[in-house]
Amino acid sequence: MNTDKSNKKIMLIYPPGKAYQRGEDRCQGNIENSAATSIHACNDLGYVASGLHGLPYRIFLKDYPVEKGRVSDLISDFKTFFPDLVFMSITQATIFHDLDTIARLKTLHSGLVVVLKGALFFDPVDTGLSRLDLSCVDYLIGGESDFVGARLIHCHFNNKSPHHLGGILYKHQGAWIKTDFSRFEDNLDCLRFPDRSLMNNQRYTRPDTGRAQATISVARGCPSSCIYCLTPIISGKKLRQRSPENVMAELRECYHRFKIHDFFLKSDTFTLDASWVKRLCHLIMGSELCGHIAWVANSRTRPLEYETLALMKQAGCWLVAFGFESGSPESLIKMGKGATVDDSLRAAGLARKAGLKIFGFFMAGFPWENMDHLKATEDLIYGINADFIEIHIPIPHAKTPLNHLCTVTGQYSVDDLGHDYFASPATGTLHLSKGQIQDFRKRVLFDYYFRVSYILNRLKDTIKNPKALIYYGHYALRLFVNLVRVRP
Ligand code: SF4
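What counts, and where the lines are drawn
- Residues numbered from 1 in each chain as written.
- Predicted model: local features only at pLDDT ≥ 70, side-chain atom pairs only at ≥ 80, totals over all residues.
- Helix = DSSP H or I, 4+ residues; strand = E, 2+ residues; numbered from the N terminus.
- Rg over C-alpha atoms; globule rule 2.2 N^0.38 Å.
- Buried ≥ 20, exposed ≤ 12 C-beta atoms within 10 Å, placed from the backbone.
- Contact = placed C-beta atoms within 7 Å.
- Axes fitted to C-alpha atoms, helices over the stretch in contact; angles between N-to-C directions.
- Parallel < 35°, antiparallel > 145°, perpendicular 65-115°, else oblique.
- Left-handed = near helix turned anticlockwise from the far one by under 90°.
- Nonpolar A, V, L, I, M, F, W, Y, C, P; charged D, E, K, R; others polar.
- Core = buried A, V, L, I, M, F, W, Y, C linked by C-beta atoms within 7 Å.
- Domains from an automatic or database assignment.
- Pairing = 2+ DSSP bridges.
- Expected span 1.5 Å × (residues − 1).
- Arc of directions from axis to C-beta.
- Right-handed = clockwise from strand over helix to strand, strands pointing away.

Describing the overall build of the protein chain
The number of helices and strands found in the protein chain is 16 helices and 15 strands. What you see for the protein chain is a C-alpha radius of gyration of 22 Å, in line with the 23 Å of a compact globule of 488 residues. Based on the C-alpha atoms only, the size of the protein chain along its principal axes is roughly 65 × 55 × 40 Å. Looking at the protein chain as a whole, 47% of its 488 residues are labelled buried. For the protein chain, long-range pairs separated by at least 24 residues make up 73% of all intrachain contacts whose partners lie at least 6 apart in sequence.

Below, the structure written as structure tokens:
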């Protein structure tokens, strides 16, 4: 191996293809087929880049889907930059396509080192890996790549074994060796901020204004046990937060250095620790950013107090996203949500009272569900009347309790790879076919978004913000095309 690292070139990419939320391992959402979601910044690549700062590497970073880049563009960039190592963020849905892309790059440079990162590689059982042709791949990162990505690359070019790095797999004498997947890093403040000087920040935008929106990861982990969710597995059940001061420093860097005024404060459960939220809000309100930034965050429906939401609003929050999931009490209990229909209605009421817009996420198609369960969810959707909604068909991700349940009940196709929330590998429920669930999703979304009262409400938004008309129009067109298209 060449140990002269002074000229090593590192290519960090989201490969060409459909836009997926590649950096968010928990959901890996398909953006193009979604009802109203927007793409978030490629922070996972930015973290690797910042982790290599001060070390003698040359870095090329590109998110091809948001740049509308094609495979030919990637090939051209590859030939020009001619990297020694490619780091690619993958998803469960795109993995076959991603591996094809890697194979093409490998034909251009047989000595290319390949690192793939994604939740698919979190502590995998052998049978999972054996379904993939990983012959062109050198390393897999299933743990927290923001902590280990740069260190792994540095280990490689210094001929050091990466066995001490948690959450990875490396090849040794032709076999995959797994390192420790049992521990999570507690000190999130020790991470450098993602290198936004290499990202095309203007490509990640707030959906109603088109202004640049940065993603800032503020916390991770969740003590809940929703049977479909990857978070407790890949991020742990302990809530781990950055200090509010450290988050403020990143907000300031984005605002002053990159002129970004809009933010997604990313966390699995932003409002879980109300005292932490209040400290952050007070810091924002006491800073020069107060009144000049706007942000969105996720929240559980409980625990949740009006005081927290009102303070968030004062500190610039304009939208809060809730996973309401279902209007069926039975489904909420069986999915382990730890919240009731009343909690959902209460949370939505509090958010509205605080002046916040609401994004409601719902799910349809759990193994036990029939049309009555789905009808209860539809009733809740209208009962809450959120500003934006999405309905996901649950994916039985490996290692989740839902995966076990679907396997036991037979509601699971053999291969879970290559699927997403809109074309789940679940073959249906005990009572409904997969087609019936997909048709339910499309009908409800169509009826919800294209009713007169909803359109009038969005038009009201455009009085204060006329530009929103263009952006809402864009999303409405995308939704219309997705809903009238033949089901996947
Ligand atoms: S509340 Fe449930 S869905 Fe949300 S992050 Fe926690 S486990 Fe996942």
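What to know about the packing of helix α11 (residues 341–353) against helix α12 (residues 371–384)
Across the interface, α11 lies against α12 with an axial gap of 10 Å and an inter-helix angle of 20°. One element, α11, and the other, α12, form an angle in the roughly parallel class. The two elements α11 and α12 meet at a crossing, and its hand is right-handed. Contacts between α11 and α12 involve Val-341, Ser-344, Leu-345 and Ala-348 from the former and Leu-380, Gly-383 and Ile-384 from the latter. Partitioned by chemical class, the residues of the contact of α11 with α12 number five nonpolar, two polar and no charged.

Concerning the nonpolar core
Within the largest apolar cluster, 127 residues are counted, with the highest numbers of intra-cluster contacts made by Ile-10, Leu-12, Ile-168 and Val-320. Each of domain 1 (6–178) and domain 2 (205–484) accounts for three or more of the residues forming this core. Setting aside its immediate chain neighbours within four residues, Leu-12 contacts Leu-45, Val-48, Ala-49, Ile-59, Leu-61 and Phe-87.

A short note on the sheet that holds strand β11 (residues 262–266)
One open sheet holds the six strands; their spatial order is β8-β11-β12-β13-β14-β15, and the pairing between them is parallel. Edge positions in the open sheet fall to β8 (213–217) and β15 (388–392), since each of these has one partner strand only. Pairwise comparison of adjacent strand axes, ignoring direction, gives a mean angle of 20° for this sheet. Set on the sheet, α12 makes contact with β13 (317–325), β14 (357–363) and β15; between it and β14 the angle comes to about 180°.

With respect to helix α14 (residues 434–449)
Helix length check: α14, at 16 residues, gives a terminal C-alpha distance of 23 Å against a target of 22 Å (1.5 Å per residue), a fit within 8%. For α14, the complete set of buried residues consists of Ile-437, Gln-438, Phe-440, Arg-441, Val-444 and Leu-445. One side of α14 carries all its buried residues, which in axial view fall inside an arc of 155°. Structural note: α14 exposes Gly-435 and Arg-443 on the side pointing more than 90 degrees away from its buried face. Elements in contact with the buried residues of α14: α12, β15 and α16 (468–484).

Comments concerning the sheet that holds strand β1 (residues 8–14)
The seven strands are arranged β2-β1-β3-β4-β5-β6-β7 in an open sheet whose pairing can be described as mixed. The sheet is open, and its two edges are formed by β2 (57–63) and β7 (175–178), each paired on a single side. Neighbour-to-neighbour, the strand axes of the sheet open up by a mean angle of 20°, direction not taken into account.

Some details on the domain arrangement of the protein chain
Once the domains are mapped, the protein chain shows domain 1 (6–178) and domain 2 (205–484). Here the C-alpha centre of domain 2 lies 27 Å away from the C-alpha centre of domain 1. Facing the 21 residues of domain 1 at the interface are 26 residues of domain 2. Each residue belonging to the side of domain 1 that touches domain 2 can be placed in one class, and the counts come to eight nonpolar, 10 polar and three charged.

Looking at the pairing of strand β3 (residues 85–89)
For β3, the buried fraction is high: five of the five residues fall into the buried class. Here β3 shows no split at all, with Leu-85, Phe-87 and Ser-89 on one side and Val-86 and Met-88 on the other all buried. In this structure, β3 lies alongside strand β4 (residues 113–117), joined through five bridges in parallel fashion. Within the sheet, the bridge partner assigned to Met-88 lies in β4 and is Leu-116. Running through helix α3 (residues 95–108), the crossover from β3 to the neighbouring parallel element β4 is right-handed.

Some words on the environment of Met-363
Among the structural elements, Met-363 can be located in strand β14. In this structure the C-alpha to C-alpha distance between Met-363 and Ile-393, which are 30 residues apart in sequence, comes to 5.6 Å. In contact with Met-363, not counting residues within four places along its chain, are Glu-325, Ser-326, Ile-391, His-392 and Pro-394.

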